[in-house]
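Chain and residue survey
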Amino acid sequence: MANVLVVNAHPLSAEDSQTVTVLDTFIEAHQASHPEDVFTMLDLYYTDIPEIDGDLLSAWKSLQQGTEFTELSNLQQEKVRIFNEFTDQFLGSEKIVIANALWNLNIPTKLKAWFDTINVAGKTFRYTAEGPVGLVTDKKAIHIQSSGGTYNGQDFSAQYVKGILNFIGITDFDSIYIEGADYDPARAPEIMEAAKEKAKSLAAQF
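In this text, all values refer to a predicted model and were calculated from it rather than measured experimentally. (Residues numbered from 1 in each chain as written. Predicted model: local features only at pLDDT ≥ 70, side-chain atom pairs only at ≥ 80, totals over all residues. Heavy atoms only, no water.)

Looking now at the packing of aromatic side chains. Evaluation of the coordinates by the stated rule reveals eight aromatic pairs. With a centroid separation of 5.6 Å and an interplanar angle of 65 degrees, the aromatic rings of Phe26 and Phe206 are classed as edge-to-face. Linking Phe26 in helix H1 (residues 18-33) with Phe206 in the segment after helix H6 (188-205), this pair joins segments that are 180 residues apart in sequence. Looking at Phe26, the relative accessible area reads 0%, which means it is buried. Under the relative-accessibility criterion, Phe206 is labelled buried at 6%. Aromatic pair Phe115 and Tyr160: ring centres 5.5 Å apart, planes at 90 degrees, arrangement edge-to-face. Of this pair, Phe115 sits in helix H4 (residues 109-118) while Tyr160 sits in helix H5 (residues 156-167), and the two are 45 residues apart along the sequence. The exposure class assigned to Phe115 is buried, which follows from its relative accessible area of 1%. (Phe/Tyr/Trp six-rings, centres within 6.5 Å; stacked < 30°, edge-to-face > 60°. Helix = DSSP H or I, 4+ residues; strand = E, 2+ residues; numbered from the N terminus. Buried < 20%, exposed > 50% of the residue type's maximum accessible area, 1.4 Å probe, protein only.)

The subject of this paragraph is the nonpolar core. Judged by nonpolar contacts, the single largest core of 25 residues is most densely connected at Ile98, Leu111, Trp114, Phe115 and Leu165. Going through the elements one at a time, strand S1 (3-8), helix H3 (74-91), strand S3 (95-101), H4 and H5 are the ones with two or more residues in this core. Leaving out residues up to four positions away in the same chain, Ile98 has contacts with Val7, Leu111, Trp114, Phe115, Ile142, His143, Ile144, Val161 and Leu165. Listed in part, the 23 residues of the second largest apolar core include Ile27, Ile142, Met192 and Ala203. (Core = buried A, V, L, I, M, F, W, Y, C linked by side-chain atoms within 4.5 Å. Contact = heavy atoms within 4.5 Å.)

Our next topic: the sheet that holds S1. Taken together, the five strands give an open sheet; going across it, the order is S2-S1-S3-S6-S7, and neighbouring strands pair in parallel fashion. Each of the sheet's edge strands pairs with one partner strand only, and the pair in question is strand S2 (38-43) and strand S7 (172-179). Across the sheet, the mean angle from the axis of one strand to that of its neighbour is 15 degrees, orientation sign disregarded. Relative to S3, S1 is paired through five bridges, and the arrangement is parallel. Its bridge partner lying in S3, Val7 is registered against Ile98. The strands touched by H3 are S1, S2 and S3; relative to S2, the strand with the most contacts, the crossing angle is about 145 degrees. (Pairing = 2+ DSSP bridges. Axes fitted to C-alpha atoms, helices over the stretch in contact; angles between N-to-C directions.)

Look at H4 against H5: their axes get within 11 Å of each other, and the N-to-C directions meet at 10 degrees. When the interaxial angle is binned, H4 and H5 end up roughly parallel. Every residue of H5 that contacts H4 at Lys112, Phe115 and Ile118 is listed here: Tyr160, Val161, Ile164 and Leu165. Its residues assigned to classes, the contact of H4 with H5 comprises six nonpolar, no polar and one charged. (Parallel < 35°, antiparallel > 145°, perpendicular 65-115°, else oblique. Nonpolar A, V, L, I, M, F, W, Y, C, P; charged D, E, K, R; others polar.)

Moving on, we get to the pattern of salt bridges. Scanning the model with the defined rule gives nine salt bridges in all. Here Asp138 and Lys139 are joined by a salt bridge, their closest N and O atoms 3.6 Å apart. The shortest N-O distance in the salt bridge between Lys200 and Glu197 comes to 3.5 Å. Here Glu197 and Lys200 lie together in helix H6, a separation of three residues that amounts to about one turn. Given the relative accessible area of 41%, Lys200 is considered partly exposed. (Salt bridge = Lys/Arg side-chain N within 4 Å of Asp/Glu carboxyl O.)

Moving on: H6. The end-to-end C-alpha distance of H6 is 26 Å, a good match for the 26 Å that 18 residues give at a rise of 1.5 Å each. Among the residues of H6, those classed as buried are Ala188, Ile191, Met192, Ala195, Ala199, Leu202 and Ala203. Looking down the long axis of H6, one finds its buried residues gathered within 105 degrees of arc, a one-sided arrangement. Looking at H6, the residues exposed on the side facing more than 90 degrees away from the buried face are Pro189 and Gln205. (Expected span 1.5 Å × (residues − 1). Arc of directions from axis to C-beta.)

The subject of this paragraph is H5. The end-to-end C-alpha distance of H5 is 16 Å, a good match for the 16 Å that 12 residues give at a rise of 1.5 Å each. Within H5, burial applies to Ser157, Ala158, Val161, Ile164 and Leu165. Axial view of H5: buried residues confined to an arc of 140 degrees, hence all on one face. Of the surrounding secondary structure, the elements contacted by the buried residues of H5 are S3, H4, strand S6 (140-147) and S7. Among the residues of H5, the N-terminal cap falls to Asp155, whose side-chain oxygen and the backbone nitrogen of Ser157 are separated by 3.1 Å. Following H5 by one or two positions, Gly169 adopts a phi angle in the positive range, close to 115 degrees. (Polar contact = N/O pair within 3.5 Å; in protein donor to acceptor, adjacent residues only side chain to side chain.)

What follows is the structure in structure tokens.
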């Protein structure tokens, strides 16, 4: 049995989203082949994720200087608590599924805020004399991304997701890129079918 964390960074449903359509296909296929796994759905657009702001930065600085957690302001305590909950949720999962659309050549801001909660010094990576070293070596990840154009996974968004996961230690990584449907609408059904078939294939071995 494994804990599967599904991070959905798209606000629309499968009816209106290529990303979510392929994500749903992946989840259904994975549940069929791994019925013992436990899924946790994290819909970022319906979840309050604290962004790194003045409250968090000043709270972390105070804690590093020896301030007791209870001495922080109520707002700081709440933001630190919620931030840490997302970190712990990630650390408690063995399989990570991330789904988003490519918007303006980058990941959605909600997804960036979530990545900040899992890119934490001392928890998911540590600094050494030779440079930072990832601490997360017991997980695997799948990235599902749709884009109107064709980038072959070389766009900033795809490279960022892979780069951050590699940085914290996750090297067991696969991807499903749904590309070119807007550029060539006539091929959209073919593109979607290929993506769904790849999702089914990867789900069986994930």
